[in-house]
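Each chain, letter by letter, is given below.
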Amino acid sequence: MPRTEHRQTLQSLHLPSTAATIRAAVRPHQEALAAELAADRYARPLTAEETAEEEKMIARIEAGEGAPEVFVRCFSDRGTGWTKTAIITAGIRIDDYLFEAAKPVHFGPVYARATEKPHETIKRYIWRVNQAKSMLVVASDVPVIWYDDPRP
């Protein structure tokens, strides 16, 4: 896929990018996920205990607990390692769990040397210090976590 198509896709994202918008988007997104699971006849419904626990965590997030972050999980293809892909998620991390604030965005595959780490390739494509030239725009108070996943 040409680079221009990647740029158009990422610039038209509705990915929350500031701490306030990430925090505000958690509850609506979690409710939409719950509705999708309820409509999916193959999914296991949540028990009452699981629902109550999730509701407590979301209430803690709305009370100001947790840290907003953008998590970029990068990986190479299984065969040659020449293609790199990323899944970008914005959310609130609380008690070692990331509550998503929007649907994850898939970026890639892009081609690079097999010896290059996946996050280096993806970072080169979407991240710029000058935010006007960057495809991934995030507020300065929201950390971006780059993670190389060893499995595709």
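Coordinates for the structure precede this section.
Heads up: these notes are all about the structure in this document. Treat the numbers as computed from the prediction; the structure is a model and nothing was measured.

Turning our eyes to something else, we now look at the overall build of the protein chain. Within the protein chain, the regular secondary structure consists of four helices and five strands. Reading the protein chain from its N end, one meets helices and strands in the order α-α-α-β-β-β-β-α-β. Split into buried and exposed, the 152 residues of the protein chain put 36% on the buried side. Restricting the contact set of the protein chain to residue pairs at least 6 apart, pairs at least 24 apart contribute 66%. Accessible surface, the protein chain: about 9300 Å² in total, of which carbon and sulfur atoms supply 56%.

Contact geometry for helix H2 (residues 19–39) and helix H3 (residues 48–62): axes closest at 9 Å, N-to-C directions at 160°. Between H2 and H3, the crossing angle belongs to the class labelled roughly antiparallel. Read as a crossing pair, H2 and H3 show a hand that is left-handed. For the pair H2 and H3, the contacting residues are Arg23, Val26, Arg27 and Gln30 in the first and Glu54, Glu55, Ile58, Ala59, Ile61 and Glu62 in the second. Its residues placed into classes, the contact of H2 with H3 shows four nonpolar, one polar and five charged.

Another aspect to go through is the environment of Ile61. Inspection of the secondary structure puts Ile61 in helix H3. The class of Ile61 is buried, set by a relative accessible area of 0%. Distance in space between the C-alpha atoms of Ile61 and Arg23 is 7.0 Å, their sequence separation being 38 residues. Ile61 has contacts with Arg23, Val26, Ile92, Ile94 and Phe99, leaving out every residue within four places of it along the chain.

Let us look at the pairing of strand S1 (residues 67–76). Counted residue by residue, S1 has eight buried out of ten residues, so it is predominantly covered. With ten bridges joining them, S1 and strand S2 (residues 83–94) adopt antiparallel strand pairing. When the sheet's bridge partners are listed, Val70 is paired in S2 with Ala90. Between S1 and S2, which pair antiparallel in sequence order, lie six residues; one of them, Gly81, sits at a positive phi of approximately 85°. Here S1 pairs with strand S5 (residues 144–148) via five bridges, running parallel. Counterpart to Phe71 in the pairing with S5 is Ile145.

Conventions adopted
- Residues numbered from 1 in each chain as written.
- Predicted model: local features only at pLDDT ≥ 70, side-chain atom pairs only at ≥ 80, totals over all residues.
- Heavy atoms only, no water.
- Helix = DSSP H or I, 4+ residues; strand = E, 2+ residues; numbered from the N terminus.
- Buried < 20%, exposed > 50% of the residue type's maximum accessible area, 1.4 Å probe, protein only.
- Contact = heavy atoms within 4.5 Å.
- Areas by Shrake-Rupley, 256 points an atom, 1.4 Å probe, with all protein chains shown as cover.
- Axes fitted to C-alpha atoms, helices over the stretch in contact; angles between N-to-C directions.
- Parallel < 35°, antiparallel > 145°, perpendicular 65-115°, else oblique.
- Left-handed = near helix turned anticlockwise from the far one by under 90°.
- Nonpolar A, V, L, I, M, F, W, Y, C, P; charged D, E, K, R; others polar.
- Pairing = 2+ DSSP bridges.

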